[in-house]
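Below are the chains, spelled out letter by letter.
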Amino acid sequence: MEGENMVPHGGDGEGEQVSETEPFQQMQKLVVGYALTSKKKKSFLQPKLEVLARRKGIYFVAIDLNRPLSEQGPFDVVLHKLLGKEWQDVIEDYQQKHPEVTVLDPPGAIQRIHNRQSMLQGLADLNLSDCGGSSIFVPKQMVVLKDSASSADKVVEAGLKFPLVAKPLWIDGTAKSHQLFLAYDRRSLAELDPPLVLQEFVNHGGVMFKVFVVGDTIKVVRRFSLPNISNCQKAKVDGIFQFPRVSSASASADNADLDPSVAELPPKPFVEALVKELRVLLGLRLFNVDMIREHGSKNVFYVIDINYFPGLCLKPFVYCYAKMPDYEQVFVDFFHNMAQAKQNNRHCNL
Ligand SMILES: O=P(O)(O)O[C@H]1[C@H](O)[C@@H](OP(=O)(O)O)[C@H](OP(=O)(O)O)[C@@H](OP(=O)(O)O)[C@H]1O
Ligand SMILES: Nc1ncnc2c1ncn2[C@@H]1O[C@H](COP(=O)(O)OP(=O)(O)O)[C@@H](O)[C@H]1O
Ligand SMILES: [Mg+2]
Ligand SMILES: [Mg+2]
């Protein structure tokens, strides 16, 4: 689109007018180059975000994937969510040549959570001892690279208990990589399509928590999840069942009439301590964690999924889809703080 790569100068954004009298010249301008799929651009770059950002001197500029990145900009920040080795090489090369640019986030760190095995590695060793008794675990899991039939013995050897959640090992942005199955017995493993992760199903009362992280900001929302599986079902049912994509296709659980012991949000100090550790462990600033509370317990939590720069905005026509509340303001503050930090750095280096 003509002009998409140019920094806009004022003007209005979908009904909201930016005042001409705002002191732009005193503000530190921040140019955010973005490389996103068209779906992601549409959901993230909402008019409200652009308007709020512009008021703070923050401009979003589309990166042209058909031109060398170094010839574009200059950018203060590069925000990206694209897949593939080719893009990873481009962005790594760019970061080396332009260390002054903040790349959100480093491709190596993103790559780590695109594999459902490495995604959860190190979590169980986090030091969260001062968290009022809450503890964090990851479900027992193992990787099956090929031939899931012969993995049955390994499942037993590893001490994994059925039913098992089978998740594609690699997350590659396709719907298939989010296609999960529940396997009730050894025999059903042969029907699965490796490479995958087999993970113990943890009863959690049908509610999960999405912990959204944008820099220093944390927001937690409740979502409906899969119901508990009773011992009777475990004994009687066999075969594999495809998961409905509950967490992203169901209504927000925020206003539902739920058992308080299931619905109660994880304690704030615990979530803060967990996120503090995770930022370092993962080397990411934009991510979310899917967490569940073990049914019957008050403070035993499991991390089951981590997503890089996940979907954030509400989807009013797909039920009432709870995402990150106020994400527009949160992102503007995040970028604004970044602009101020850059300005302070410049002053220090003078
Ligand atoms: O894995 P769960 O917990 O379901 O969360 C998903 C992942 O973050 C998806 O990213 P990825 O496919 O990279 O894992 C993301 O897609 P985009 O960020 O590409 O949009 C979805 O956003 P929505 O598509 O907005 O729901 C978000 O709901
Ligand atoms: N180990 C588990 N025990 C219980 N429920 C699970 C488990 N793993 C996943 N789920 C359920 O399946 C949903 C999708 O799994 P998740 O690992 O988050 O994959 P995705 O990346 O596709 O969102 C979760 O939101 C939760 O409802
Ligand atoms: Mg998930
Ligand atoms: Mg996910």
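Worth saying up front: this structure is predicted, and the values here are computed from it rather than measured.

Asker: Which residues make up the side chain of S134, and what values do they have?
Answerer: Turning to its location among the elements, S134 is positioned in the loop between α4 (107-112) and β7 (135-137). A residue is classified by how much of its surface remains accessible, and S134, at 6% relative accessible area, is buried. Contact partners of S134, with chain neighbours within four places excluded, come to L128, P267, F270, N299 and F301.

Asker: How would you explain the confidence of the model for the protein chain if you had to name every residue and give the values?
Answerer: Here the protein chain averages 87 in pLDDT, and 86% of its residues register 70 or above. When the criterion is pLDDT under 50, residues 1-25 qualifies, and its contacts beyond four places in sequence or with other chains add up to 35 contacts. Considering only residues more than four positions removed or in separate chains, one finds that residues 317-321, a stretch of pLDDT under 50, has eight contacts. Predicted complex metrics record ipTM = 0.96 and pTM = 0.90.

Asker: Which residues make up the sheet that holds strand β10 (residues 181-183), and what values do they have?
Answerer: Strand order in the open sheet formed by five strands is β8-β11-β9-β10-β14, with antiparallel pairing between adjacent strands. Where the open sheet ends on each side, the last strands, each with one partner, are β8 (141-144) and β14 (240-242). Across the sheet, the axes of successive neighbouring strands diverge by a mean angle of 25°, strand direction being ignored.

Asker: Which residues make up the sheet that holds strand β16 (residues 300-308), and what are the values?
Answerer: Here five strands make up an open sheet; going across it, the order is β7-β16-β15-β12-β13 and the pairing mixed. With partners counted over all chains shown, the strands left at the sheet margins are β7 and β13 (217-224), one partner each. Pairs of neighbouring strands in the sheet enclose a mean axial angle of 35°, with direction left out of account. The sheet contact formed by strand β15 (residues 286-293) and β16 spans seven bridges and is antiparallel. Bridge pairing in β16 links I292 to Y302.

Asker: Now, about the coordination of the magnesium ion (ligand 3): what can you tell me, with residues and values included?
Answerer: Around the magnesium ion (ligand 3), the donor atoms from the protein are D290 (OD) and D305 (OD), and they sit 2.0 to 2.2 Å away. Between the magnesium ion (ligand 3) and the magnesium ion (ligand 4), a spacing of 3.6 Å is present, and a bridge between the two is formed by D305. Within this pair, whereas D290 is found in strand β15, its partner D305 is found in strand β16, the two being separated by 15 residues in sequence. For D305, a relative accessible area of 11% puts it in the buried group.

Asker: Please provide a residue-by-residue account of the environment of S38, values included.
Answerer: The topology assignment puts S38 in helix α1 (residues 38-44). When its relative accessible area of 63% is taken as the criterion, S38 is described as exposed. For the pair S38 and H114, spaced 76 residues apart in the sequence, the C-alpha separation amounts to 20 Å.

Asker: Let's hear about the pattern of salt bridges: which residues, and what values?
Answerer: This model, assessed by the stated rule, comprises nine salt bridges. Residue D193 is joined to K176 by a salt bridge in which the shortest nitrogen-to-oxygen separation is 3.6 Å. Taken together, the residues D193 in the loop between β10 and β11 (196-200) and K176 in the loop between β9 (164-168) and β10 connect sequence positions 17 residues apart. Judged by relative accessible area, D193 falls into the exposed class, the value being 54%. A salt bridge links K210 to D290, with the nearest nitrogen and oxygen atoms 3.0 Å apart. Linking K210 in strand β12 (residues 207-214) with D290 in strand β15, this pair joins segments that are 80 residues apart in sequence.

Asker: Outline the coordination of the magnesium ion (ligand 4), listing residues and values.
Answerer: Taken together, D305 (OD) and N307 (OD1) make up the protein donors of the magnesium ion (ligand 4), found 2.0 to 2.1 Å from the metal. When its relative accessible area of 15% is taken as the criterion, N307 is described as buried.

Asker: An account of the nonpolar core is requested, with residue identities and associated values reported.
Answerer: F44, F60, M291, F331 and F335 are the most contacted members of the largest nonpolar core, which has 60 residues in total. Looking at which element gives the most residues to this core, the answer is helix α10 (residues 327-349), with eight residues. Among the domains, domain 1 (12-104) and domain 2 (118-330) are the pair contributing at least three residues each to this core. For F60, the residues in contact, after removing those within four places along its chain, are V32, Y34, F44, L45, L49, E50, A53 and F335.

Asker: Give me the lowdown on unusual backbone geometry, citing residues and values where you can.
Answerer: Each neighbour pair has its own omega, and for G73 with P74 the value is 5°, a cis peptide bond. Mapped onto the secondary structure, P74 falls in the loop between β4 (58-62) and β5 (77-81). Positive phi is not limited to glycine here, since F309 has a value of about 40°. By the element assignment, F309 lies in the loop between β16 and α10. In this structure F309 comes out as buried when scored by relative accessible area, which is 1%. Unlike most non-glycine residues, D326 shows phi in positive territory, near 60°. With relative accessibility at 46%, the residue D326 sits in the partly exposed group.

Asker: Explain the environment of L286 residue by residue, including any values.
Answerer: For L286, the position within the fold is in strand β15. Exposure remark for L286: the relative accessible area of 2% places this residue in the buried category. Along the sequence, L286 and P244 sit 42 residues apart, while their C-alpha atoms lie 26 Å from each other. Once residues lying within four places of it in the same chain are set aside, the contact partners of L286 are L79, L104, D105, V213, V214, N307, Y308, F309, F331 and F334.

Rules used in this analysis
Residues numbered from 1 in each chain as written. Chains lettered and ligands numbered in written order. Predicted model: local features only at pLDDT ≥ 70, side-chain atom pairs only at ≥ 80, totals over all residues. Heavy atoms only, no water. Helix = DSSP H or I, 4+ residues; strand = E, 2+ residues; numbered from the N terminus. Buried < 20%, exposed > 50% of the residue type's maximum accessible area, 1.4 Å probe, protein only. Contact = heavy atoms within 4.5 Å. pLDDT = per-residue confidence, 0-100. Pairing = 2+ DSSP bridges. Axes fitted to C-alpha atoms, helices over the stretch in contact; angles between N-to-C directions. Donors = N, O, S within 2.8 Å, 3.2 Å for Na, K, Ca; no water. Salt bridge = Lys/Arg side-chain N within 4 Å of Asp/Glu carboxyl O. Core = buried A, V, L, I, M, F, W, Y, C linked by side-chain atoms within 4.5 Å. Domains from an automatic or database assignment.

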